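Listed below, chain by chain, are the residues.
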Amino acid sequence: MMPSLAREWLQSEIRASDLAATRAGNVETFLASRGIEPERLERDMRRRLGRAGTLLLTSSPVHGLANETSDLDFIHVQDDAIEGERISTKVFDGTHHLEVVSFSGEEVESAFAHLRRLAQGSPESIVAGVTSWDALREPRRKQTERIVNGVTLSGSAPYLEHLGTLSRVWACASLHTAIEQIVYMALAEAAGELRGRVGYAVNGLLYLMDAVLSRTGDVYTTRKWYLLRWNRFARTLQQNGERDPMVEGIESLRDGVTCALRGSRGSLVLEYVTVASAVAAAMGGIGRTQIELTLDADARILPFLPHASLRLRDAAGALVETGGSPQPIGPMDLSGLAGLGHDQSAWLRLLRADTARLLISHSGAGAE
Amino acid sequence: MIRLFPEIQAGLPRDEKSSVEQWVIVAWLMAAEGRAYAEDLRGGGAQPQMQQAAKLRLLEVLSDVDTRLSGRRAPADPHCLALALEYGLHHLIDASGTELIDVFGLGEEFGGESCEVAGVLSLWESLVRAFPGVLPDRLVAQGQRDMLRTFRTWADLCRSVGLDVGLLGRYLKDA
């Protein structure tokens, strides 16, 4: 179904050496634009942090995206152990706004080992591992991505060898989030929420873009950059005269957002499901995606009035239900979302009130 | 003209613990996340696609703040944008979904080569001016001292109603 071109982008080995040179160039250009001499900045940072360890410039300057108000975000990987919560420290260097957070080398290696384990697992275990990451380990997932992509002030990228693993895990997690948003979009459409569905559609689209970008090795967690990174990617393909139906599918969804927000579009579900399925197929290792909606087993349902009850959970999730609980949904393929009726739209309220669960599974999937 | 902070103007009584907790979190979200996205809008003139995404993120933050000001639990992040567009905001500002689309300039081509930011920046600046008290600006050097002083005040405030200012921990890490 997918053309070979997309498969080549998404499944080719990421050339770390080429990327390291590009990123070193991005950092050099950025520092020059700010009138910052790298050696002087290194000396100043070392005075604060000590001589040992690896000091990495991260985030937008590395990706060639920094603008006049961008911060200089550093991560310091030190030899000694660190106790307690890690919160960034702000430093002001003249008009420049710097932030730095430190991790021990052992923590960083542990994060990379976790990343490798996740990359070898099923899509479900990748998503579960990414979802629980921040509650269980330092550095957090965003900071792990920053470390992998980080560049020293002398222009080396010491952790870029982990980009291939990071790419696989991040792409899978982004695709999962995109599918979640598309399910919410379908339910919102069934509920007659014509503007609300576009809120979900826009985020679903952004995560589809990020899934593709991440799988090509352009991994950068911050959502505000997804659309610009995508634009850069799509324009480059266009300038090179390369065409691909999957990219054109995402571009077509992008073109449709404004009309949808004006309410002048019919159902969005089928086109989003088609493009999401194409991205999943092209990424490989995802398998057949199915969704299921289940009621939260912990919720209590108490009678309120004839034909109405209260659904309570954790003393906080209260929801008035009329006409009883909605019919269960799934397991079903994504294409089944196009057939949702108004009766099933109640699931959206249950999900928002945290009294139902959306399960996304990928049968027949495995590590690539 | 969009009405600002109807929740304050209405003067409705609230449980003291939840009042302290919600106002401290709201002030932090405005000072940290809201201000950062406003900064992105000001500094990203040559990056319209980033500005468009930053506008959506700012609307999600304001939607979260709006729900907290109502005294309810904030919805999970995936729902904030859809809820704002469909049902509007009613506690931070009083604006319908269509008014928000106008103010945030969301009618432009998504991913196109321009981004309208005047309306949303004007709204943001009005919200900062009308906020009950002066929000510290952690993006400038002087703001660091103001932020530390504010944390000390919030620690006392939380303690006075039996709360721990550590409730801000996860929000600080997210910033």
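Residues numbered from 1 in each chain as written. Chains lettered and ligands numbered in written order. Predicted model: local features only at pLDDT ≥ 70, side-chain atom pairs only at ≥ 80, totals over all residues.

I'd like a description of the overall build of chain B, backed by residues and values.
In terms of regular secondary structure, chain B is built from eight helices and two strands. The C-alpha atoms of chain B give 16 Å as radius of gyration, which agrees with the globular expectation for 175 residues (16 Å, within 12%). Judged by the C-alpha coordinates and their principal axes, chain B covers about 50 × 35 × 30 Å. Counting across all 175 residues of chain B, residues that qualify as buried make up 40%. Summarising the internal contacts of chain B: among those between residues at least 6 apart in sequence, 58% fall at separations of at least 24. (Helix = DSSP H or I, 4+ residues; strand = E, 2+ residues; numbered from the N terminus. Rg over C-alpha atoms; globule rule 2.2 N^0.38 Å. Buried ≥ 20, exposed ≤ 12 C-beta atoms within 10 Å, placed from the backbone. Contact = placed C-beta atoms within 7 Å.)

Can you lay out the overall build of chain A for me, pointing to particular residues and giving the numbers?
If you tally the helices and strands in chain A, you get 12 helices and 10 strands. Against the compact-globule benchmark of 21 Å for 368 residues, chain A has a radius of gyration of 23 Å, which places it among compact chains. Its C-alpha atoms put chain A at 75 × 55 × 40 Å along the principal axes.

Residue-level account of the nonpolar core, with values.
Residue and element names in this part refer to chain A. Ranked by size, the top nonpolar core spans 141 residues in total, and within it Met185, Ala201, Leu208, Met209, Tyr272, Ala276 and Val279 carry the most contacts. Of all the elements, helix α7 (residues 163–190) adds the most residues to this core, at 18 residues. Beyond its immediate sequence surroundings of up to four residues, alanine 201 is in contact with Met185, Val257, Ala260, Leu268 and Tyr272. (Core = buried A, V, L, I, M, F, W, Y, C linked by C-beta atoms within 7 Å.)

Go over the interface of chain A and chain B, please, and point to the residues and values.
Reports often express the size of an interface as the amount of accessible area lost when the parts come together. Taken together, the 33 residues of chain A in the interface contact 38 residues of chain B. The dominant element in the side of chain A that touches chain B, judged by the number of residues it contributes, is helix α8 (residues 196–215) of chain A, at six residues. Residues that form the side of chain A that touches chain B fall into these classes: 14 nonpolar, nine polar and 10 charged. (Nonpolar A, V, L, I, M, F, W, Y, C, P; charged D, E, K, R; others polar.)

Residue-level account of the pairing of strand β2 (residues 72–78) of chain A, with values.
Residue and element names in this part refer to chain A. Taking burial as the measure, the seven residues of β2 include six buried ones, the bulk of the element. Where strand β1 (residues 54–58) lies against β2, five bridges are found, and the strand directions are antiparallel. Paired with threonine 54 across the strands is valine 77, a residue of β2. As judged from the seven bridges shared by β2 and strand β4 (residues 96–104), these two strands associate in the parallel manner. In the strand pairing of β4, isoleucine 75 is matched with valine 101. (Pairing = 2+ DSSP bridges.)

Tell me what's going on with the sheet that holds β2 of chain A, and back it up with residues and numbers.
Adjacent strands of a sheet form backbone hydrogen bonds with each other and so pair up, either parallel or antiparallel. Residue and element names in this part refer to chain A. Taken together, four strands build an open sheet; the order of strands is β1-β2-β4-β3 and the sheet is mixed. Each having just a single partner strand, β1 and β3 (89–93) make up the two edges of the open sheet. Taken over all neighbouring pairs, the strand axes of this sheet differ in orientation by 30 degrees on average, direction set aside. The sheet contacts of helix α3 (residues 38–49) involve β1, β2, β3 and β4, and relative to β1 the element is tilted by about 120 degrees. (Axes fitted to C-alpha atoms, helices over the stretch in contact; angles between N-to-C directions.)

Which residues make up the sheet that holds strand β5 (residues 288–295) of chain A, and what values go with them?
Residues and elements named next belong to chain A. Within the open sheet, the three strands sit side by side as β9-β5-β10. Their pairing is antiparallel. Two strands lie at the open edges of the sheet, namely β9 (329–333) and β10 (356–363), each paired on one side alone. Geometrically, the sheet is characterised by an average inter-axis angle of 15 degrees between neighbouring strands, direction not taken into account. Pairing between β5 and β10: eight bridges, direction antiparallel.

Would you mind going over the environment of proline 123 of chain A in detail, with residue names and values included?
Residues and elements named next belong to chain A. Of note, proline 123 is situated in helix α5 (residues 123–136). Residue classification places proline 123 among the buried positions, given that 23 C-beta atoms sit within 10 Å. Considered as a pair, proline 123 and serine 363 are 240 residues apart in the sequence and their alpha carbons are 9.5 Å apart.

An account of the confidence of the model for chain B is requested, with residue identities and associated values reported.
With 100% of its residues at a pLDDT of at least 70, chain B reaches an overall mean of 94. Scored by ipTM, the complex comes to 0.95, with pTM at 0.94. (pLDDT = per-residue confidence, 0-100.)

Quick rundown of the environment of arginine 229 of chain A? Include the residues and the values.
Residues and elements named next belong to chain A. By the secondary structure assignment, arginine 229 is in helix α9 (residues 226–239). Sequence spacing of arginine 229 and valine 275 is 46 residues, and the spatial spacing of their C-alpha atoms is 19 Å. Excluding its chain neighbours within four sequence positions, the residues that come into contact with arginine 229 are Leu213, Asp218 and Tyr220.

I'd like to hear about helix α11 (residues 269–283) of chain A, residue by residue, with values.
Residues and elements named next belong to chain A. With 15 residues, α11 extends 21 Å from end C-alpha to end C-alpha; this agrees with the ideal 21 Å at 1.5 Å per step. Among the 15 residues of α11, 11 are classified as buried, and the element is accordingly described as predominantly covered. Those residues of α11 that fall on the buried side of the exposure criterion are Val269, Tyr272, Val273, Val275, Ala276, Ser277, Ala278, Val279, Ala280, Ala282 and Met283. Taken from the residues just after α11, glycine 284 is the one with a positive phi, measuring 75 degrees. (Expected span 1.5 Å × (residues − 1).)

Would you mind going over the packing of α8 of chain A against α9 of chain A in detail, with residue names and values included?
Residues and elements named next belong to chain A. Look at α8 against α9: their axes get within 9 Å of each other, and the N-to-C directions meet at 55 degrees. Judged by the angle between their axes, α8 and α9 are oblique. Judged by the sense of rotation from one axis to the other, the crossing of α8 with α9 is left-handed. Listed contacts from α9 to Leu206, Met209, Asp210 and Leu213 of α8 are Tyr226, Leu227, Arg229, Trp230 and Phe233. Per-class residue counts for the contact of α8 with α9 are seven nonpolar, no polar and two charged. (Parallel < 35°, antiparallel > 145°, perpendicular 65-115°, else oblique. Left-handed = near helix turned anticlockwise from the far one by under 90°.)

Describe the packing of α7 of chain A against α11 of chain A, naming the residues involved and giving the relevant values.
Residue and element names in this part refer to chain A. Direction vectors running N to C along α7 and α11 enclose 165 degrees, while the axes themselves pass 10 Å from each other. Classified by the interaxial angle, the pair formed by α7 and α11 is roughly antiparallel. Pair α7 / α11 crosses with left-handed handedness. Residue-level inspection shows Ala171, Leu175, Ala178, Ile179, Ile182, Met185, Ala186 and Glu189 of α7 in contact with α11, the latter providing Val269, Tyr272, Val273, Ala276, Val279, Ala280 and Met283. Taken together, the residues of the contact of α7 with α11 sort by class into 14 nonpolar, no polar and one charged.

Mind laying out helix α7 (residues 141–160) of chain B, listing which residues take part and the relevant values?
With 20 residues, α7 of chain B should reach 28 Å at 1.5 Å per residue; the first-to-last C-alpha distance of 30 Å fits that figure. Among the residues trailing α7 of chain B, glycine 162 of chain B stands out with phi positive, at a value near 80 degrees.

Residue-level account of the environment of tyrosine 87 of chain B, with values.
All names here are of chain B. Assignment of secondary structure puts tyrosine 87 in helix α4 (residues 77–87). A residue is classified by how many C-beta atoms lie within 10 Å of it, and tyrosine 87, with 15 of them, is partly exposed. Counting along the chain gives 10 residues from tyrosine 87 to glycine 97, while the straight-line C-alpha distance between them is 5.8 Å.

Explain unusual backbone geometry to me, using residue names and the numbers behind them.
Residue and element names in this part refer to chain A. With omega at -5 degrees, the peptide bond leading from glutamate 138 into proline 139 counts as cis. Take proline 139: it is sitting in the loop between α5 and α6 (141–149). Across the junction of glycine 330 and proline 331, the peptide omega takes the value 5 degrees, indicating a cis bond. You will see that histidine 307, though not glycine, has its phi angle at about 70 degrees, which is positive. One can find histidine 307 in the loop between β6 (300–305) and β7 (308–312).

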